[in-house]
Amino acid sequence: MSISEDQKFNLVQNDEINLYALLTILWGRKFLLLFLIIFSSLSSVFYALSLPNIYRSDALLANANNEQSNLGNLGNYAGLASMAGIRMPSVDSDRTVEAIERIQSFEFFSNYFLPSISLQNLMAVKNWEPSTNTVFYDEKIFSSELNKWTRDFSYPQLQTPSAQESFETYKDIMSITINEKTSFISLSVKHMSPYVARDWVQKIIYAINESIRDEERIKATRSLDFLNKELLKVNYSKIKESIAQLQQEQLKLLMMIESNEDYIFKTLNSPIAPELKSEPKRKVLVILLSFLGLMMSIILVLLLSFINFKSPDD
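Read on for a plain summary of the structure. (Residues numbered from 1 in each chain as written. Predicted model: local features only at pLDDT ≥ 70, side-chain atom pairs only at ≥ 80, totals over all residues. Heavy atoms only, no water.)

**A few points about a nonpolar patch on the surface**
Put simply, the test is: Put simply, a patch holds well-exposed residues, over 30% relative accessible area, that have no salt bridge, with like charges counted together within 9 Å and Val, Leu, Ile, Met, Phe, Trp or Tyr side chains within 5 Å. Using the Shrake-Rupley algorithm and a 1.4 Å probe, accessible areas are obtained, with residue cover drawn only from the displayed protein chains. Criterion for a salt bridge: a side-chain nitrogen of Lys or Arg within 4 Å of a carboxyl oxygen of Asp or Glu. Going along the chain from the N terminus, every DSSP run of H or I of four or more residues is numbered as a helix, and every run of E of two or more is numbered as a strand. Throughout, exposure labels follow a simple rule: accessible area from a 1.4 Å probe, protein chains only, divided by the maximum for the residue type, with under 20% read as buried, over 50% as exposed, and the rest as partly exposed.
Residues Leu32, Phe35, Phe39, Leu300, Leu303, Leu304, Phe306 and Ile307 make up a contiguous nonpolar surface patch of roughly 710 Å² in combined accessible area. Of all the secondary-structure elements, those providing two or more residues to the nonpolar patch are α3 (30–50) and α11 (282–310). At five residues, α11 tops the list of elements feeding residues into the nonpolar patch. Along the chain, the position of Phe39 falls in helix α3. In this structure Phe39 comes out as exposed when scored by relative accessible area, which is 51%.

In structure tokens:
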């Protein structure tokens with residue numbers, strides 16, 4: 001026995017949802033529903049296939065613990081060292097968190113990372129060709145033939161991406177975390193080219209080591225200059241002996257700064273150019289989008305039926 005359109009509408013309007021009425025409405029528009037489902041499923045497949053592969057290169061790092069070997073007898077002269085403004089190495093001093101925060105900072109990005117890369121590899125990549133290891137750029141953003149930026153711009157966006165705009169992309173592709181149990185640090189970079197991803201992880205590790213090494217070198221050199229001047233001023237032998245000891249410890253620190261390549265982080269697992277992509281998860285994406293398309297198709301069919309119920313008979 002068939003059910004009229006008015007009966008369908010009345011059943012749906014009841015306080016308790018009538019599943020039979022809903023199914024009847026959907027069955028009455030089964031061809032439209034089938035078309036919408038097929039269309040949404042195919043659209044999700046085409047969308048998933050249109051997304052470029054993203055590769056992630058990872059490195060496992062550990063705190064280099066350089067300062068622990070520099071303690072020596074400096075603790076015996078802590079008072080004099082503090083008066084001289086000399087930094088006291090400490091076993092408890094852990095600069096790992098500071099280094100992690102620096103890597104995520106705009107200052108590190110603009111002063112150390114950005115000058116060492118090609119900006120178009122960060123802001124204009126469209127695809128990567130594995131067979132030739134070639135990176136292709138979006139011609140609407142950057143012309144590889146003309147070697148110039150071609151994108152439309154209006155303030156605050158510039159034709160050539162600014163450091164601030166590029167930094168937002170850097171934060172999206174770079175990730176650094178510390179394992180609270182092991183204190184090991186995981187650093188990763190995502191890119192369409194696995195080789196670029198690997199190279200950028202290496203650049204970040206090198207840059208953070210070099211940037212903090214430079215700061216420590218300047219501090220140690222200034223401390224030695226100060227001690228040399230003070231040594232010429234004092235006449236007491238015990239104070240001279242203390243200053244000489246401080247000079248010796250600062251020279252040890254300077255030697256460690258110059259000789260140790262892994263000044264802040266040492267690499268436990270070096271980054272590689274991955275052969276397998278990390279994203280997108282196309283199968284999962286198609287399933288999710290298809291399910292969403294199914295729900296939207298059902299809602300659209302019910303909405304159209306509701307509009308028809310409310311429209312005038314004439």
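**Digging into the pairing of strand β1 (residues 55–63)**
Two faces, one strand: in a regular strand the side chains alternate between the faces of the sheet. The condition is simple: For two strands to be treated as a pair, DSSP must find no fewer than two bridges joining them.
Of the pairings in the sheet, the one linking β1 to strand β7 (residues 185–191) comprises seven bridges and is antiparallel in character. Within β7, the position partnered with Arg56 by the bridge is Lys190. Where β1 meets strand β8 (residues 265–269), four bridges bridge the pair, whose relative direction is antiparallel. By the bridge assignment for β8, Ala62 is matched with Lys266.

**So, the nonpolar core**
Short version of the rule: Among buried residues, those of type Ala, Val, Leu, Ile, Met, Phe, Trp, Tyr and Cys that are joined through side-chain atoms within 4.5 Å constitute a nonpolar core. In this description, contact between two residues means that some pair of their heavy atoms is separated by no more than 4.5 Å.
Grouped together as the largest cluster of nonpolar side chains are 48 residues, with contacts concentrated most on Ile103, Tyr170, Ile204 and Phe265. Broken down by element, the residue count for this core peaks at eleven residues, all from helix α9 (residues 194–233). Residues within four places of Tyr170 in sequence aside, it is in contact with Ile103, Phe108, Phe109, Phe113, Leu122 and Ile204.

**As for the pairing of strand β2 (residues 125–129)**
Pairing of β2 with strand β3 (residues 134–137) involves four bridges; the strand directions are antiparallel. The residue bridging Glu129 from the neighbouring strand is Thr134, located in β3. Hairpin connection from β2 to β3: four residues lie between these consecutive antiparallel strands, with Asn133 at a positive phi of about 50°.

**Let's talk about the packing of helix α6 (residues 106–113) against helix α8 (residues 163–173)**
Just so we agree on the cut-off: Only the contacting stretch of a helix is used when fitting its axis, a line to C-alpha atoms as for every element, and angles between N-to-C directions run 0 to 180 degrees. Every angle not falling under 35 degrees, over 145, or within 65 to 115 is termed oblique; those three ranges are roughly parallel, roughly antiparallel and roughly perpendicular. Residue polarity is assigned by list, with Asp, Glu, Lys and Arg as charged and Ala, Val, Leu, Ile, Met, Phe, Trp, Tyr, Cys and Pro as nonpolar; anything else, Gly included, falls into the polar class.
As a packed pair, α6 and α8 sit with axes 10 Å apart at the nearest point and diverge in direction by 105°. Relative to α8, the element α6 lies roughly perpendicular. Between α6, through Phe106, Phe108, Phe109 and Phe113, and α8, the contact on the second element is made entirely by Ala163, Gln164, Ser166, Phe167 and Tyr170. Looking at the contact of α6 with α8 residue by residue, the class counts come to seven nonpolar, two polar and no charged.

**Points about the packing of helix α5 (residues 96–103) against α9**
Test applied: Working rule for handedness: look at the near helix, and if it is turned counterclockwise from the far one by less than a right angle, call the crossing left-handed; if clockwise, right-handed.
In contact at an axis separation of 11 Å, α5 and α9 are set at 120° when each is read in the N-to-C sense. Considering only the axes of α5 and α9, their crossing is right-handed. Counting all contacts with α5, which are made through Ala99, Arg102 and Ile103, the residues of α9 involved are Ile204, Ile208, Ile212 and Glu215. Of the residues in the contact of α5 with α9, the class split is five nonpolar, no polar and two charged.

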